[in-house]
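# Structural overview for review
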Amino acid sequence: MFTTLTRKQLIFDVVAALVVWLLFSPVSLYPQVWSGSTGWPDIDWPATAVSVILAGALAVRRLSPALSLALAWVGAIVQMLFGLPPLGINFAIFGVLYAVAAYGSPRVRRFGFISVFVGAATVAAYLAIGAWLVNGETMRPSADLIAPLVLMLALVFAASTFGLGLSYALGALKRTRLSAIETQRQASVAEALAASEQERNRIARDMHDVVAHSLAVVIAQADGARYAAATQPEVAAEALTTISQTARSALSDVRLLLTQLRHSQAEGPQPSLADLEELYSQVRGAGVELRISVDPAPRSDPPAAVQLALYRIMQEALTNALRHGDGSAVDVSLAFEPHTITLRVSNAVAADDAANPGGHGLIGMRERAALVGGSLETERHGSDFAVTAVIPVRDVQSVAEPSARESV
């Protein structure tokens, strides 16, 4: 029933009601002063009660619109029971209706809307009855008086409806504005949450790509060093060097990602196609032969987002080849067509990994491709497993050249 208000709002409403009471009450409370009477004026106690009730209704208009509307009706009824004329404090009713429309619940707003018309009809009837009682001797029933009386009632009803309805309408506009502000706030919060979730997913993908690839290289090198330690110490030393370099690179990338988690504006690792050679070197250093084909070759650089997606997909595909491959050569092909870029990585799968050659990294690769409007498919033919990503790109210039193959 009561709305939670700040102390500042509550003080403002009470002070505003007090100011209205001080401005409009004296003419009603001390009628002798305004009529020219001398001596100490008498207080009109019924008018005092009405003014206090209506001022109280104005004071709680936002704290409890239902209570405010009820107090306004109580004040109006008391005023009519004592036969009081229109009082200045009656202007408080406009503020009550405004608050009911702006801050009231649906049920309270319905009662407020009904009160507009019932109140207007009550005002018209009360003034007509009051005029009849005051001028009862001269206003005897006659056909000539019916039309003016009806016209007067209609005019009073129309004027009251307009005044009360205008206050209610202004309150409804205020409510609409508040609703629009709240909707905009919720939309901003939702957008911020969505952007935050998207950023977390991106960082999670980067973390997976960096850590998974680096660990795959480290494991492969460690296994080779363990077998070569007894017979080929120089190979073991070379493997340990590769492990050290790969671990340092991974640690640097992880630190950048963690910095980005702490500071949203910090830049994380953003590899491009120019970094593929370093990636190839890491895989070759792990003892895996690569056969690379680029046909057609690019004439201009694709957008940065596309380059990042291609790098991460390539990184994950080669990581899967290291983890699940049988040690044979891995075929890598890149084709830069006018409107698409096609990446394909294929390798033979080890017998013990035949059931799940892609692992969970396939989900990340598909997400990477989807983020730039592309698609990713996997193929399985016997022990051969292939990953193919097709990414659409606008105005990618390419030059058709003989296939540039490289074997190590």
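In this text, all values refer to a predicted model and were calculated from it rather than measured experimentally. (Residues numbered from 1 in each chain as written. Predicted model: local features only at pLDDT ≥ 70, side-chain atom pairs only at ≥ 80, totals over all residues. Heavy atoms only, no water.)

### What about the overall build of the protein?
Quick reminder of the rule: Every helix listed is a DSSP run of H or I at least four residues long, and every strand listed is a run of E at least two residues long, numbered separately from the N terminus. When a residue's accessible area, from a 1.4 Å probe over protein chains only, is under 20% of the maximum for its type it is buried; when over 50% it is exposed; and in between it is partly exposed. The contact rule is simple, with two residues in contact once any of their heavy atoms fall within 4.5 Å. Every accessible area reported is derived by Shrake-Rupley at a probe size of 1.4 Å, with residue values counting cover from the shown protein chains alone.
What the protein contains, in helices and strands, is twelve helices and eight strands. Relative to its 408 residues, the protein shows a buried fraction of 36%. In the protein, the share of contacts with a sequence separation of at least 24, taken over all contacts with a separation of at least 6, comes to 73%. Carbon together with sulfur atoms contributes 64% to the accessible area of the protein, which is approximately 23100 Å² in total.

### What about the packing of aromatic side chains?
For any pair of aromatic rings, the description consists of the separation of the ring centres together with the inter-plane angle of the planes. Heads up, the condition is: Note on ring pairs: Phe, Tyr and Trp rings are taken, using the six-membered ring of Trp, and paired if centres are within 6.5 Å. Classes follow the plane angle, with under 30 degrees stacked, over 60 edge-to-face and the rest tilted.
Scanning all chains against the criterion turns up three aromatic pairs. Ring geometry for Phe113 and Phe117: centres 5.2 Å apart, planes at 75 degrees, overall edge-to-face. One end of the pair, Phe113, and the other, Phe117, are both in helix H7 (residues 106-134), four residues apart, so they sit about a helical turn from each other. Judged by relative accessible area, Phe113 falls into the partly exposed class, the value being 44%. Among the aromatic residues, those joined into a ring-pair cluster are Phe113, Phe117 and Tyr168.

### Focus: the confidence of the model for the protein
For clarity, the threshold we go by: For every residue, the predictor reports its confidence as pLDDT, a number between 0 and 100.
With 75% of its residues at a pLDDT of 70 or more, the protein shows a mean pLDDT of 79. When pLDDT is averaged over each helix and strand of the protein, the minimum, 40, is found for strand S8 (residues 406-407) and the maximum, 94, for strand S3 (residues 330-336). Contacts of residues 32-36 to residues separated by more than four positions or lying in other chains number six contacts, the stretch itself having pLDDT below 50. Confidence drops under a pLDDT of 50 for residues 396-408, and excluding neighbours within four residues, the segment shows 35 contacts in the predicted structure.

### Observations concerning the packing of helix H4 (residues 45-59) against helix H5 (residues 65-81)
How we decide: Angles shown run from 0 to 180 degrees and are taken between the N-to-C directions of axes, each axis being a line fitted to C-alpha atoms and, for helices, limited to the stretch in contact. Here is the rule for angles: anything less than 35 degrees is roughly parallel, anything more than 145 is roughly antiparallel, 65 through 115 is roughly perpendicular, and the remaining ranges are oblique. Left-handed describes a crossing in which the near helix is turned anticlockwise from the far one by less than a right angle; the clockwise case is right-handed. Here the nonpolar group is Ala, Val, Leu, Ile, Met, Phe, Trp, Tyr, Cys and Pro; Asp, Glu, Lys and Arg are the charged ones; every other residue, Gly included, is treated as polar.
Between H4 and H5, the shortest axis-to-axis distance is 8 Å and the interhelical angle comes to 165 degrees. In this view, H4 runs roughly antiparallel relative to H5, as classed from their interaxial angle. Relative to H5, H4 is oriented so that their crossing is left-handed. Contacts from Val50, Ile53, Leu54, Gly56, Ala57 and Leu58 of H4 reach H5 at Ser68, Leu71, Ala72, Val74, Gly75, Val78 and Gln79. Looking at side-chain class alone, the contact of H4 with H5 contains nine nonpolar, four polar and no charged residues.

### Digging into the nonpolar core
Here is the rule: To form a nonpolar core, buried Ala, Val, Leu, Ile, Met, Phe, Trp, Tyr and Cys residues must be joined to one another through side-chain atoms within 4.5 Å.
Ranked by internal contacts, the top residues of the largest apolar core, which has 39 residues, are Tyr280, Met314, Leu318, Val332 and Leu343. Residues Val50, Ala59, Ala92 and Val108 belong to the second largest nonpolar core, which totals 22 residues.

### Observations regarding the packing of helix H11 (residues 304-324) against helix H12 (residues 361-371)
Two packed helices can be described by the angle between their axes and the distance between those axes. Running from amino to carboxyl end, H11 crosses H12 at an angle of 165 degrees, the nearest separation of the two axes being 9 Å. Accordingly, the angle class assigned to the pair H11 and H12 is roughly antiparallel. Taken as a pair, H11 and H12 cross one another with a handedness that is left-handed. Contacts between H11 and H12 involve Leu308, Ala309, Arg312, Ile313, Glu316, Ala317 and Asn320 from the first element and Gly361, Met365, Arg368 and Ala369 from the second.

### Describing helix H6 (residues 92-103)
Inclusion rule: Helix span, expected: 1.5 Å multiplied by one less than the number of residues in the helix.
If you check H6, its first and last C-alpha atoms are 16 Å apart, about what twelve residues at 1.5 Å a residue would give, namely 16 Å. Taken residue by residue, H6 has Ala92, Val96, Leu97, Ala99, Val100, Ala101 and Ala102 as its buried positions.

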